[in-house]
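Observations on the three-dimensional arrangement
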Amino acid sequence: MNIQGKTPMAPERTDAETALNLLRTWAAGATPTEIATLDPAIARLLPDAPLGNYPDLNRQYPQGFAPDAGYRAGLPDLQNGPASLIVGARAPIQHVGISNFRLPIRFRRREGGEVMLDTSVTGTVSLDAERKGINMSRIMRSFYTHAERAFSFEVMEAALGDYFSDHDTFDARIQLRFSYPLKVTALRSGLSGWQYYDIALELVEQAGVRRRIMHLDYVYASTCPCSLELAEHARATRGQLATPHSQRSVARISVVLEGQDCLWFEDLIEAARRAVPTETQVMVKREDEQAFAELNAAHPIFVEDAVRAFAAQLLAEPRVGDFRVLASHQESLHSHDAVSMLTEGPTFAATSLDPALFASLVHRG
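Residues numbered from 1 in each chain as written. Predicted model: local features only at pLDDT ≥ 70, side-chain atom pairs only at ≥ 80, totals over all residues. Heavy atoms only, no water.

**So, the pairing of strand β5 (residues 209-223)**
Operational definition: Here the term buried applies to any residue with accessible area under 20% of the maximum for its type, exposed to any over 50%, and partly exposed to those in between, with areas from a 1.4 Å probe on protein chains only. Per the convention used, a helix needs a DSSP run of H or I reaching at least four residues, while a strand needs a run of E reaching at least two, with both numbered from the N terminus. The pairing criterion for strands is at least two bridges between them, as found by DSSP.
Most of β5 is tucked away: 11 of the 15 residues are buried. Across 8 bridges, the pairing between strand β4 (residues 192-206) and β5 is antiparallel. The partner of Ile 199 across the bridge, within β5, is Leu 216. The hairpin formed by β4 and β5 contains 2 residues between the paired strands, and Ala 207 there has a positive phi angle of roughly 50°.

Following this line, the structure appears as structure tokens:
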């Protein structure tokens, strides 16, 4: 203590010995977790502790060592330590967990049977302001417990239930991302090939309410109606050959699933195809390429038209509640993209947009 500007006296050796003996006495009766929480270095003060001879440690990997329940219970777990260890603001965290852990999962097809797909899983829970952290590995373990079964939203719900019991959380979420293959027939030649659709499934529980959400990336060609009219004007008035500009385009359709009837992946893909028929092709011969040119001329479309066309199909679907449609026409005329977003209901309404939202609308092939 500094009294009236006087410099405090340095502790004597006897003071240090007294403090050391006090610390050793406390450490002898403390648990390994309590010691590690205060300062792991304290363990070195115990003569019979594993670290008592530090730094002269065994450098050979203990191949035969098998921890028992008591040993595991004594392992330090700082991430689940007391609130005194929290770094930064004592604020609740809305999402904390793991992203992009991968495993093969079986999915059911509408026509019957199953397909095994490589799947990327994101699992998060909320964290109370007074809790330091969560056990990340439990999220994976919870999911693996149920992933061996033929997959469905019911299995996601079982894993989500584990999240609540394992993490004492108030909100939780699971998202799956995968590429779903469907065989598509060419327009005129009769050839067929595999089209791959980027799909994501989400199960979200907030304030006791669960929502099932499906996302689909649909890739199509968009011929500019204005460019088409200008090209035809040049032909008609000046006999000048001209071609309208067309570009690969991507729509991300996100829907909240309603009711008990299943909305299959194929159902949502077909709804997108009805809205905008100019889906990119897989197998193409000359007659298919000509057909595709004719199909695009029959369905020229601005980006505003596209989101409204998709919305019309979704509004007519009783298995769909709230939805959002994003579209990006990746212009061949301009050095920028034309983009649009349409939402229905409060689920996807947002004042602010992720800066990379439209940039994420790409076709990876």
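From this point, the narrative continues.
**Describing the sheet that holds strand β8 (residues 338-344)**
What counts is decided by this rule: Throughout, an axis means a line fitted to C-alpha atoms (over the contacting stretch in the case of helices), and angles, computed between N-to-C directions, take values from 0 to 180 degrees. Whether two residues are in contact is decided by their heavy atoms: any pair within 4.5 Å suffices.
A sheet is described by the order of its strands in space; here 8 strands give the open sequence β1-β2-β3-β4-β5-β6-β7-β8, paired in antiparallel fashion. At either margin of the open sheet sits one strand with a lone partner, and together these are β1 (93-108) and β8. Each strand of the sheet is rotated relative to its neighbour by a mean of 15°, with strand direction disregarded. With 11 bridges joining them, β5 and strand β6 (residues 246-257) adopt antiparallel strand pairing. Looking at β6, one finds that Met 214 is bridged to Val 255. Helix α7 (residues 265-275) contacts β1, β3 (172-185), β4, β5 and β6 of the sheet and is inclined by roughly 40° relative to β5.

**Re the side chain of Glu 266**
Filter applied, for reference: Two N or O atoms form a polar contact when they lie within 3.5 Å of each other; inside protein one atom must be a possible hydrogen donor and the other a possible acceptor, and for residues adjacent in sequence the pair counts only when both atoms belong to side chains.
Turning to its location among the elements, Glu 266 is positioned in helix α7. A distance of 3.3 Å separates the side chain of Glu 266 from the backbone nitrogen of Arg 110, its partner in a polar contact. One polar contact links Glu 266 to Tyr 180, side chain to side chain, over a distance of 2.7 Å. Setting aside its immediate chain neighbours within four residues, Glu 266 contacts Arg 109, Arg 110, Glu 111, Tyr 180 and Leu 182.

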